[in-house]
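Residues per chain are reported as follows:
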Amino acid sequence: MKKILLLSDTHSYIDDRILAYAEKADEVWHAGDIGSLQVTDALKELKPLRAVFGNIDDHEIRKEFPLNNRFVCEGVDVLITHIGGYPGKYSPAIREELNGNPPKLFICGHSHILKVMPDKKLNLLHMNPGAIGIHGFHKVRTMLRFTVDQGKIDNLEVIEIERK
């Protein structure tokens, strides 16, 4: 079993509260718009990190992280991208892969809107952790925490941090 901390849209922002949650996880997954390698460097000092670049990320971040990251974790096929849409409204850039070979867990960021919902047509779970950074229209900073174990996604928890 692995405990996962899922975050997105840091936009160069990292603080002790984010790092405290990262410390409690087995792995940290970042769904893009990192903003600065200082963010991912701080996370990597604590735990293994899987990440993708987002639309605001520069060439340095794009050299280190892919556009799409597909992997298997504890029997769960995972696909992470930054701009992915949501069930029924997937981004054209990822739609073909989702329809042709759907993962069990599809993760994206970009919208700054926390959303977790099943796609019954593709038999997958969609997650967007919202935004944990301080830039954007969101009023509350959010992340997700969950476990993956023997092909199951469980113990989903929304983490909300007041935006100052």
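As shown above, the structure is provided for reference.
Residues numbered from 1 in each chain as written. Predicted model: local features only at pLDDT ≥ 70, side-chain atom pairs only at ≥ 80, totals over all residues. Heavy atoms only, no water.

Asker: Describe the packing of aromatic side chains, with residues and values.
Answerer: This model, assessed by the stated rule, comprises three aromatic pairs. Their ring planes at 80° and their centres at 5.6 Å tell us that Tyr 90 and Phe 106 sit as a pair that is edge-to-face. Here Tyr 90, found in strand E7 (residues 89–90), pairs with Phe 106, found in strand E8 (residues 105–107); they are 16 residues apart in sequence, far enough to count as distant. Owing to a relative accessible area of 7%, Tyr 90 belongs among the buried residues under this scheme. (Phe/Tyr/Trp six-rings, centres within 6.5 Å; stacked < 30°, edge-to-face > 60°. Helix = DSSP H or I, 4+ residues; strand = E, 2+ residues; numbered from the N terminus. Buried < 20%, exposed > 50% of the residue type's maximum accessible area, 1.4 Å probe, protein only.)

Asker: If you had to explain the pairing of strand E11 (residues 140–149) to someone new, which residues and values would you point to?
Answerer: Where burial is concerned, most of E11 is hidden: seven out of the ten residues are buried. Pairing of strand E1 (residues 2–7) with E11 involves five bridges; the strand directions are antiparallel. Residue pairing for E11: Leu 6 is matched across the bridge by Leu 144. Pairing of E11 with strand E12 (residues 152–162), which is carried by nine bridges, proceeds in the antiparallel orientation. Residue Thr 147 lies in a different strand from E12, and its bridge partner there is Asp 154. Counting the residues that bridge the hairpin from E11 to E12 gives two residues, and of these Gln 150 lies at a positive phi of roughly 50°. (Pairing = 2+ DSSP bridges.)

Asker: I'd like a rundown of the packing of helix H1 (residues 16–24) against helix H2 (residues 37–46), residues and numbers included.
Answerer: It is at 9 Å that the axes of H1 and H2 come closest, and there the two elements cross at 35°. Of the two possible hands of crossing, H1 and H2 adopt the one that is right-handed. Contacts between H1 and H2 involve Ile 18, Leu 19, Ala 22 and Glu 23 from the former and Ala 42, Leu 43 and Leu 46 from the latter. Of the residues that constitute the contact of H1 with H2, the class distribution is six nonpolar, no polar and one charged. (Axes fitted to C-alpha atoms, helices over the stretch in contact; angles between N-to-C directions. Left-handed = near helix turned anticlockwise from the far one by under 90°. Contact = heavy atoms within 4.5 Å. Nonpolar A, V, L, I, M, F, W, Y, C, P; charged D, E, K, R; others polar.)

Asker: Now, about the sheet that holds strand E9 (residues 114–119): what can you tell me, with residues and values included?
Answerer: One open sheet accounts for five strands, arranged E4-E5-E8-E10-E9; its pairing is mixed. Strands with a single pairing partner mark the edges of an open sheet, and in this sheet they are strand E4 (68–73) and E9. When the angles between neighbouring strand axes are averaged without regard to direction, this sheet yields 15°. Set on the sheet, helix H4 (residues 92–100) makes contact with E4, strand E5 (76–81), E8 and strand E10 (124–129); between it and E5 the angle comes to about 170°.

Asker: Before we move on, can you summarise the nonpolar core with the specific residues and values?
Answerer: Counting residues in hydrophobic clusters, the biggest one holds 18 residues, and the most contacted among them are Leu 5, Leu 7, Val 28, Leu 43 and Met 143. Listed by contribution, the elements that provide at least two residues to this core are E1, H1, H2, strand E3 (49–51) and E12. Beyond its immediate stretch of four places on either side in the chain, Val 28 contacts Leu 5, Leu 7, Ala 22, Leu 43, Lys 47, Pro 48, Leu 49 and Arg 50. If you look at the next biggest cluster of nonpolar residues, it comprises 16 residues, including Ala 31, Val 52, Met 127 and Val 148. (Core = buried A, V, L, I, M, F, W, Y, C linked by side-chain atoms within 4.5 Å.)

Asker: Help me get a handle on the sheet that holds strand E2 (residues 27–30), residues and values and all.
Answerer: Taken together, the five strands give an open sheet; going across it, the order is E3-E2-E1-E11-E12, and neighbouring strands pair in mixed fashion. Across the chains shown, the open sheet's two edge strands, defined by having one partner strand only, are E3 and E12. This sheet shows a mean twist of 20° between the axes of neighbouring strands, independent of strand direction. For E2 and E3, the ladder comprises three bridges, and the chain directions are parallel. Bridging from a neighbouring strand, Val 28 pairs with Leu 49 of E3.

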